[in-house]
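Working through the structure, step by step
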Amino acid sequence: MTLSPSEPFASPPNKFNQLILTKGSLESKFGVRFVECFPFKENIGFTEVQIQLIEQCLAGVQLFESALNKVPNTEIHSVGISTRFLRTGGFSTILIPWDASLEKVMSFLRAKVSKAEQERFLEKISTLKRKINKKFRIFSLYCSQQISNEQCMSGYNQLASIETIPNAKPIQWQEIILDDRQGLGKDSHSFRIKYDASPKEIYKSLQQDPQSVWLPRKKMYENIKSKDKQAIEKKLQVAAYFCSTELTEENCLDGVTTLSKASKNQDMRMKPWGEVSIEKYNTFIKDDFDVSIRFDLSVDELVTYFLSKANKVEATENAVLAEKLEKRTLNNSSGLRAICDLEGMRSKLCVKAFKNFIKFVSGRRDYRVKEPWANIMFIDGAQLARVNFALNSSARNSYIYIDAGSGLEELRSHLMRFGN
């Protein structure tokens, strides 16, 4: 089923809803399976800045669709809307700038590598990986999609050229990622290596004991708990808190100290706090509970920003109401099961979305959803991570995704595309 994003709306179209429809069009017309908005952008800032990025992503996706209409058969399966051109992750994944000209995107798509060259490249990669694994037996070794195919090849060449010493101890890292930076990866068992590091530097990194690398951070958390537990866990009642692996110990302690000092503010104690992550760049309100806080915010900045967060009473009331409204939507005449996104959703938004859905169904008793659609999931279309989740969800063939912030008319216009 082709979903055209160009049909008129009675009111200005919601950017996320347009984006999800354009992605559906790319998938059905050109076989593009994955679309990500600014997948490697780290320095975003504050929650509301994401709205502009999602608007820019829509512009980039529409640009990409226009280019594919003029340059078909590109065999691109994944595209990242970003700020640069890059062929990465093999030959079916690319990055394109969201604000490039149509001519530049078309030129980039036309400059694809021949099948014979692709096969030679991939065979060389496989040969290098076999050679590397004979030496080091790394459980998981791959290249980040932040580096190009050529940079990935360079990294594998560096790894393969390492001369091992007799009776060397086995590699204890479970995952090695060739990337454009070096340091801890996703967790204490994952390590990033710069693709252009020298063989000597790489070998030294591989020989490290993951526990010894992680041990200073473990001790740091123990010190934090002994010093700030009363303020963070008792006064604010934070369920869990941790620092990004990108932060130095000093930066982490700065962020935790600020959070601890903020606990003296009575307004902050009235907010519900779930998981708090101390980050290098971003300060986000993710839902009623979970937040991220830039490590170098002052106490006053932190308190002022989070005053907009729902208080405990409001959050509880909205959560209870959302649950009641969800029950009211069960077994409705449309044939759709209505769900609120389980992550990154404020209960106030859920309430609005369920109320609008109930009004829609009540006013259109004759509406029936077409197969294979069976669920409507409300997403916070102003959060980049949740937008990317919806664009690439494994359930997207049966789930209709829509911004929970959509008005009633926008909801109606969106759902009519999927109904009889």
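Up top is the structure.
It should be emphasised that the depicted structure is a prediction, and the values quoted were computed from it without experimental measurement. (Residues numbered from 1 in each chain as written. Predicted model: local features only at pLDDT ≥ 70, side-chain atom pairs only at ≥ 80, totals over all residues. Heavy atoms only, no water.)

1. Section: the overall build of the protein
Looking only at helices and strands, the protein has 14 helices and 15 strands in total. Relative to the globule expectation of 22 Å for 420 residues, the C-alpha radius of gyration of the protein, 24 Å, shows essentially globular dimensions. With the C-alpha coordinates of the protein rotated into their principal frame, the extents come out at 75 × 60 × 35 Å. Across the 420 residues in the protein, those meeting the buried criterion constitute 50%. Looking at the protein alone, contacts between residues at least 24 apart form 68% of all its contacts between residues at least 6 apart. (Helix = DSSP H or I, 4+ residues; strand = E, 2+ residues; numbered from the N terminus. Rg over C-alpha atoms; globule rule 2.2 N^0.38 Å. Buried < 20%, exposed > 50% of the residue type's maximum accessible area, 1.4 Å probe, protein only. Contact = heavy atoms within 4.5 Å.)

2. A look at the nonpolar core
Of all hydrophobic cores here, the largest spans 66 residues; its most connected members are L19, F64, L109, F357, I376, F378 and L415. Discounting residues that sit within four places of it in the chain, F378 has contacts with A338, I339, C340, D341, M345, A353, F354, F357, I402, A404 and L411. Counting residues in each nonpolar core, the second largest holds 28 residues, with L159, I176, L178 and Y195 among its members. (Core = buried A, V, L, I, M, F, W, Y, C linked by side-chain atoms within 4.5 Å.)

3. What to know about the state of the cysteines
Per the counting criterion, the structure on display carries four disulfides. Each sulfur in the disulfide pair C37 and C57 lies 2.1 Å from the other. Across the S-S bond of C37 and C57 the torsion is about -70 degrees, and the bridge reads as left-handed. Here C37, found in strand 1 (residues 34-37), pairs with C57, found in helix 2 (residues 49-70); they are 20 residues apart in sequence, far enough to count as distant. For the residue pair C37 and C57, the accessibility class agrees, reading buried in each case. Residue pairing for C340: its cysteine sulfur links by disulfide to C350, the two sulfurs lying 2.1 Å apart. On the sign convention where negative is left-handed, the bridge of C340 and C350, at about -135 degrees about the S-S bond, is left-handed. (Disulfide = S-S within 2.5 Å.)

4. Observations concerning the pattern of salt bridges
Throughout the structure, instances matching the rule amount to 16 salt bridges. Among the salt bridges present, the one from E65 reaches K29, with a minimum N-O distance of 3.6 Å. Here E65, found in helix 2, pairs with K29, found in helix 1 (residues 15-30); they are 36 residues apart in sequence, far enough to count as distant. Residue classification places E65 among the buried positions, given a relative accessible area of 11%. One salt bridge in this structure joins E343 and R386, with 3.8 Å as the shortest N-O distance. One end of the pair, E343, is in the loop between strand 13 (337-340) and helix 12 (347-363); the other, R386, is in helix 13 (residues 384-392), and 43 residues separate them in sequence. One network of salt bridges, with partners in common, ties together E42, D179, R181, R192 and E246. (Salt bridge = Lys/Arg side-chain N within 4 Å of Asp/Glu carboxyl O.)

5. What about unusual backbone geometry?
Of note, the amide linkage connecting E371 to P372 takes the cis form, showing an omega dihedral of 5 degrees. Locating P372 in the fold gives a position in the loop between helix 12 and strand 14 (375-379). Positive phi is not limited to glycine here, since E75 has a value of about 60 degrees. Looking at the secondary structure, you find E75 in the loop between helix 2 and strand 2 (78-82). A positive phi is found at N331, a non-glycine position, where the angle reads about 55 degrees. Take N331: it is sitting in the loop between helix 11 (312-328) and strand 13.

6. Brief notes about helix 8 (residues 249-262)
Helix length check: helix 8 (14 residues) gives 20 Å between terminal C-alpha atoms against 20 Å at 1.5 Å per residue, within 8%. Listed in full, the buried residues belonging to helix 8 are N251, C252, G255, V256, T258, L259, S260 and A262. Against helix 7 (210-235), strand 9 (240-243), helix 9 (266-269), strand 10 (275-279), strand 12 (291-294) and helix 10 (299-306) lie the buried residues of helix 8. (Expected span 1.5 Å × (residues − 1).)

7. Topic: helix 13
The element helix 13 is largely enclosed, with a buried count of seven among its nine residues. All of the buried residues along helix 13 are L384, R386, V387, N388, A390, L391 and N392. Looking at the buried residues of helix 13, the elements they touch are helix 1, strand 1, helix 2, strand 14 and strand 15 (399-403).

8. Describing the pairing of strand 6 (residues 175-179)
Most of strand 6 sits inside the fold, with five of its five residues counted as buried. Where burial is concerned, the two faces of strand 6 agree: the one with E175, I177 and D179 and the one with I176 and L178 are both buried. Across four bridges, the pairing between strand 5 (residues 140-143) and strand 6 is parallel. Its bridge partner being in strand 6, S140 is matched across the sheet by E175. This β-α-β element, strand 5 to helix 5 (residues 149-160) to strand 6, shows left-handed connectivity. (Pairing = 2+ DSSP bridges. Right-handed = clockwise from strand over helix to strand, strands pointing away.)

9. Re the sheet that holds strand 13
Ordered by their spatial adjacency, three strands build an open sheet running 13-14-15, and the pairing between neighbours is parallel. Both outer strands of the open sheet, strand 13 and strand 15, are each paired with one neighbouring strand and no more. Ignoring strand direction, the axes of neighbouring strands in this sheet form an average angle of 25 degrees. For strand 13 and strand 14, the ladder comprises four bridges, and the chain directions are parallel. Paired with I339 across the two strands is M377, which belongs to strand 14. Running over the sheet, helix 12 touches strand 13 and strand 14 and is turned about 165 degrees from strand 13. (Axes fitted to C-alpha atoms, helices over the stretch in contact; angles between N-to-C directions.)

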